[in-house]
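Secondary and tertiary structure notes
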Amino acid sequence: MNILVFVESAEGKIKKTSLEAVAYAHGMGGKVAALALGTVDAADLAALGKFGAAKVLHAADARLNDGVIQAYSSVIVQAMQAENADVLVLANSSLGTPVAARVATKLGASIATNVTELPETAAGFVVKKSIYTGKAFSKIEMKNAKKVIAIKKNAAEVKEVGADVAPESFTPQLADADFAAKITATEKATGEILLPEANIVVSGGRGMKGPEHWGPIEELAKVLGAATGCSKPVSDIGWRPHHEHVGQTGVKVSPQLYIAVGISGAIQHLAGVNSSKCIVVINKDADAPFFKAADYGIVGDAFDVLPKLIEAVKAAK
Amino acid sequence: MKILVCISHVPDTTSKINFTDNNTKFDSNGVQFIIGPYDDYALARAIEIKEANAGTTVTVLNVGPADTEPTIRKALAIGADDAVRVNAEPSDSFFVAMQIAEHAKSKGYDLILMGRESIDFNGGVVHSIVGELLGIPSLSPVMKLELEGTKAKLAREIEGGKELLEVNLPFVAGCQEPIAEWKIPNMRGIMSARTKPLQVIEPMAVDSGVSLQKFELPPAKGAVKMISSDNVGELVSLLKNEAKVL
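These numbers were taken from a predicted model, which means no experiment stands behind them.

**Remarks on the overall build of chain B**
The helix and strand inventory of chain B stands at six helices and 15 strands. The principal-axis extents of the C-alpha atoms in chain B amount to approximately 65 × 45 × 40 Å. Classification of the 246 residues of chain B by burial places 54% in the buried group. Accessible surface computed for chain B: about 10,700 Å², of which carbon and sulfur atoms make up 50%. Of the side chains in chain B, 25 bear a positive and 32 a negative charge, and the two mean positions are spaced by 3 Å.

**Re the interface of chain A and chain B**
Facing 84 residues of chain A, the contacting portion of chain B comprises 78 residues. Summing both sides of the interface, chain A and chain B together bury roughly 6,800 Å²; the carbon and sulfur share of this comes to 57%. One salt bridge in this structure joins E187 of chain A and K162 of chain B, with 3.8 Å as the shortest N-O distance. Viewed at the interface, chain B and chain A are joined by 40 residue pairs in polar contact (both at pLDDT 80 or more). Considered class by class, the residues forming the side of chain A that touches chain B number 37 nonpolar, 26 polar and 21 charged. Here strand β17 (residues 296–299) of chain A pairs with strand β15 (residues 225–227) of chain B via three bridges, running parallel. Residue Y296 of chain A lies in a different strand from β15 of chain B, and its bridge partner there is K225 of chain B.

**With respect to the sheet that holds strand β16 (residues 278–283) of chain A**
In spatial order, the strands read β14(A)-β13(A)-β15(A)-β16(A)-β17(A)-β15(B); together these six strands make up an open sheet with parallel pairing. One side of each edge strand has no neighbouring strand; the edge strands of this open sheet are β14 (227–230) of chain A together with β15 of chain B. Looking at each pair of strands side by side, their axes are set apart by 20 degrees on average, direction ignored. Pairing geometry for strand β15 (residues 257–261) of chain A and β16 of chain A, over five bridges, is parallel. Within the sheet, the bridge partner assigned to Y258 of chain A lies in β16 of chain A and is I279 of chain A. Of the strands in this sheet, β15, β16 and β17 of chain A together with β15 of chain B are in contact with helix α6 (residues 232–241) of chain B, which crosses β17 of chain A at around 170 degrees.

**Brief notes about the pattern of salt bridges**
Scanning the entire structure with this criterion turns up 37 salt bridges over all chains. Residues K221 of chain B and D295 of chain A are paired through a salt bridge, measuring 3.2 Å at the closest nitrogen-oxygen approach. Taken together, the residues span two chains, with K221 of chain B in the loop between β14 (210–216) and β15 and D295 of chain A in the loop between β16 and β17. Given a relative accessible area of 38%, K221 of chain B falls into the partly exposed group.

**Considerations on the packing of aromatic side chains**
Here the structure, examined in full by the defined rule, presents nine aromatic pairs over all chains. Look at Y132 of chain A and F19 of chain B: their rings are 6.2 Å apart centre to centre, the planes differ by 55 degrees, and that puts the pair in the tilted class. Highlighted residues: Y132 of chain A in the loop between β8 (126–131) and β9 (136–142) and F19 of chain B in strand β3 (residues 19–20), drawn from two different chains. Its relative accessible area of 6% is what places Y132 of chain A among the buried residues. Relative to F33 of chain B, the ring of F26 of chain B has its centre 6.3 Å away and its plane inclined at 80 degrees; by these criteria the two rings are edge-to-face. According to the relative accessible area criterion, F33 of chain B is partly exposed, its value standing at 27%. In textbook terms, an aromatic cluster arises when at least three aromatic residues are bridged by ring pairs, as seen for Y132 of chain A together with F19, F26, F33, F121 and F215 of chain B. Its end group placed over the ring of Y109 of chain B, K2 of chain B keeps NZ or CZ at 5.2 Å from the ring centre.

**Re helix α3 (residues 69–83) of chain A**
All names here are of chain A. With 15 residues, α3 extends 21 Å from end C-alpha to end C-alpha; this agrees with the ideal 21 Å at 1.5 Å per step. Judged by how many residues are buried, α3 sits mostly within the fold: twelve of 15 residues are covered. Where α3 terminates, the next one or two residues include N84, which has phi positive at roughly 55 degrees.

**Looking at the layout of surface pockets**
Take a probe with the size of a water molecule and roll it over the atoms, and the empty space left behind shows itself. Its boundaries defined by the atoms lining it, the second largest pocket holds a volume of some 1,200 Å³. Lining the second largest pocket are 35 residues, with G134, N274 and S275 of chain A together with P218 and P219 of chain B positioned closest to its centre. The set of elements that each furnish at least two residues to the lining of the second largest pocket consists of β8 and α7 (267–273) of chain A. Looking at the lining of the second largest pocket, the element that brings in the most residues is α7 of chain A, giving four residues. No fewer than three residues from each of domain 1 (2–179) and domain 2 (195–316) of chain A sit in the lining of the second largest pocket.

**Points about the environment of K129 of chain A**
With respect to the helices and strands, the residue K129 of chain A is situated in strand β8. The class for K129 of chain A is buried, based on a relative accessible area of 11%. Note: C-alpha distance between K129 of chain A and I140 of chain A (eleven residues apart in sequence) is 7.5 Å. Look past the residues within four positions of K129 of chain A in its chain and what remains in contact with it is A112, T113, N114, V115, A136, F137, S138 and I140 of chain A together with F121 of chain B.

**Regarding the domain arrangement of chain A**
All names here are of chain A. The domains assigned to chain A are domain 1 (2–179) and domain 2 (195–316). Both faces considered, domain 1 and domain 2 share a buried interface measuring about 920 Å² in area, 42% of it formed by carbon and sulfur atoms. In terms of surface lost to domain 2, no three residues of domain 1 exceed T133, K135 and K153, which account for 55% of the buried area on that side. Applying the counting rule to domain 1 against domain 2 returns one salt bridge. Seen at the junction of domain 1 and domain 2, the total is seven residue pairs in polar contact (both at pLDDT 80 or more). Taken together, the residues of the side of domain 1 that touches domain 2 sort by class into no nonpolar, four polar and five charged.

**Section: the packing of helix α5 (residues 215–224) of chain A against helix α8 (residues 302–316) of chain A**
Residues and elements named next belong to chain A. In contact at an axis separation of 10 Å, α5 and α8 are set at 15 degrees when each is read in the N-to-C sense. Between α5 and α8, the crossing angle belongs to the class labelled roughly parallel. Every pair of crossing elements has a handedness; the one defined by α5 and α8 is left-handed. Here P216, I217, E219, L220, V223 and L224 of α5 lie close against α8, whose contacting residues are L306, L309, I310, V313 and K314. Classifying every residue of the contact of α5 with α8 gives nine nonpolar, no polar and two charged.

Parameters and conventions
Residues numbered from 1 in each chain as written. Chains lettered and ligands numbered in written order. Predicted model: local features only at pLDDT ≥ 70, side-chain atom pairs only at ≥ 80, totals over all residues. Heavy atoms only, no water. Helix = DSSP H or I, 4+ residues; strand = E, 2+ residues; numbered from the N terminus. Buried < 20%, exposed > 50% of the residue type's maximum accessible area, 1.4 Å probe, protein only. Areas by Shrake-Rupley, 256 points an atom, 1.4 Å probe, with all protein chains shown as cover. Lys, Arg positive; Asp, Glu negative; His and termini not counted. Charge placed at Lys NZ, Arg CZ, Asp CG, Glu CD. Contact = heavy atoms within 4.5 Å. Buried area = accessible area lost by both parts, 1.4 Å probe. Salt bridge = Lys/Arg side-chain N within 4 Å of Asp/Glu carboxyl O. Polar contact = N/O pair within 3.5 Å; in protein donor to acceptor, adjacent residues only side chain to side chain. Nonpolar A, V, L, I, M, F, W, Y, C, P; charged D, E, K, R; others polar. Pairing = 2+ DSSP bridges. Axes fitted to C-alpha atoms, helices over the stretch in contact; angles between N-to-C directions. Phe/Tyr/Trp six-rings, centres within 6.5 Å; stacked < 30°, edge-to-face > 60°. Lys NZ or Arg CZ within 6 Å of the ring centre and 35° of its normal. Expected span 1.5 Å × (residues − 1). 1 Å grid on protein atoms, 1.4 Å probe; cavity = no way out; pocket = protein on both sides within 12 Å on 5 of 7 lines; lining within 4 Å. Points joined across faces, edges and corners; volume = space filled by probe spheres on them. Domains from an automatic or database assignment. Parallel < 35°, antiparallel > 145°, perpendicular 65-115°, else oblique. Left-handed = near helix turned anticlockwise from the far one by under 90°.

Structure, rendered in structure tokens:
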């Protein structure tokens, strides 16, 4: 089985979720080629070999520096043909998921997104997907010869399994029509840990009483190397930016550790966090429903508990 | 201008999820169904565009069996002009996208809007498959959409920020907040929705590339371990040594 992995980069660095996609493909046990587009650090490209790629393809065309959905789809299809690949693996993301859909349609491939585990191949080719916003799973047989798999964060563990490989340059045909949707600007918080990709998330809710009280949330996030999130009411009233909204209609996260402070735990919020490995809830209301979904809980005032927690984390380092 | 809004008919966001028939069927017992929340944003934006541009028509489309009709009537009550129901179970993303593309290909829609994903299967791919099938751009998740003649300016949410785009009509957009405020139907809307045209068409045959084997529920969560607010250090050591997440 030949597998192509599309790896995404941001500011030249390969994204961790894409390394998980490489690890996933390696775990499937086929011949893995990774494809990166646009300007990417040479060391990051070579290191894809360490994580399981036998071959690294790089299309360095500057027109691919922005994530143009149609152009990326067309380049990936060309790479699949060049590599004679049966399967495309990529990470679910604002770019990866739309690209997966267009590639699957061009190839007549079976498609599955939000995949959480390696496929079972004893009888057919069966993947497990997260559905109902994390409230359930489905097992889906992918029947077509070609397959496109978009994995959810934490579907595979990134491990060093090989050595650096020298990237090969890949020169796709690019048509003007593929650039019909023109990206005019990108506004991005730089230097921060991105919420959908973070291993630890610290979120605040209305219990924080106002945007001016976010300091302890941010400080705890900083000492933990975490991203900050918030509940829907908090982003609705503008205390925090919309891209921090965690929940059913916001960002769905699946970090190792999710710390919720002053969030009561409405079912819509839980839907966005229920695939976290470990959940800590800090709330002054002992009856907050969130405690039922938590692994660890502290009943207490956020402004009393957070400074102590920040000190305790610092002391444990 | 002609706008198509595709809506899903999904369990309310507060629903408890259960399955029947040996975990092969969704248990709709006691579940209230709604217009998909993301589709609701798409619909609200379409109605805003209609209100600002005389002569604009908004058609809603749903792929679903007859019991989705109350959901479709609600979309008509919110302000869509007419509706199409493709009479089939929405079994998978490709199947649904094929039905939408088949309907849309000869109708000359300037804009095809829907939610970024349905909240039942969360595939997040129908808009992009429709775009590819029709050979037009598809953008998702779109949080802002402004029309300027035959062009549109969009904002697409990306990890940690947004991307601004310009694209000519027609195109497909998968929408999310804050593209528009949800609209609540008023009494006049509800009355007029009863008589607005709702056409039922039979599905085209599609060779689906996937088949469902079974559903599963996540394993039950163990009991929460409570820690005193006077002993926060214990939480850190549990996270380190027991949960092994630090």
